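Structural features, examined
Letter by letter, the chains look like this.
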Amino acid sequence: MVAEASIVGAFKMIAMVVGVFVLVRFLGQMMNAKRNMADQETDKVDRENLKNAREQTKKNLGKTKILSKKDRSNDVEDIDFEEVDE
């Protein structure tokens, strides 16, 4: 069996290879854009949370809050006191 290569067949093969590369590149750009949009949304939520935390801190600056036993959360830490001899 002798395989003959034709000019038309070679152009078809080149066109298919170029088409696949273009398609893969297009899909890659679409996935990159989708990832960038998700990152942008995450950053927006993080900035909003930071803004709310700053406002809450400014609002409660200098205030003392006494917690009852059932109001205590895990973010409160008791520290033992030791006197230092000089």
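This text gives an overview of the structure that appears in the document. Model, not experiment: these values are computed from the prediction. (Residues numbered from 1 in each chain as written. Predicted model: local features only at pLDDT ≥ 70, side-chain atom pairs only at ≥ 80, totals over all residues. Heavy atoms only, no water.)

Observations concerning the overall build of the protein
- A count of helical and extended segments in the protein gives one helix and zero strands.
- Going through the 86 residues of the protein one by one, you find that 0% of them count as buried.
- As presented, the protein carries roughly 9,500 Å² of accessible surface, and 58% of it is formed by carbon and sulfur atoms. (Helix = DSSP H or I, 4+ residues; strand = E, 2+ residues; numbered from the N terminus. Buried < 20%, exposed > 50% of the residue type's maximum accessible area, 1.4 Å probe, protein only. Areas by Shrake-Rupley, 256 points an atom, 1.4 Å probe, with all protein chains shown as cover.)

Notes on a nonpolar patch on the surface
- Together, Ile-7, Phe-11, Ile-14, Val-18 and Val-22 make up a nonpolar patch on the protein surface, roughly 530 Å² of accessible area in all.
- The topology assignment puts Val-22 in helix α1 (residues 7-59). (Patch = residues over 30% accessible without salt bridge, like charges linked within 9 Å, V, L, I, M, F, W, Y side chains within 5 Å. Salt bridge = Lys/Arg side-chain N within 4 Å of Asp/Glu carboxyl O.)

Observations regarding the pattern of salt bridges
- Under the definition given, this model contains one salt bridge.
- Notably, a salt bridge pairs Arg-35 with Asp-39, separated by 3.9 Å at the nearest N-O pair. You can see Arg-35 and its partner Asp-39 sitting in helix α1, four residues apart, about one turn around the helix.
- Arg-35 sits in the partly exposed class, given a relative accessible area of 48%.

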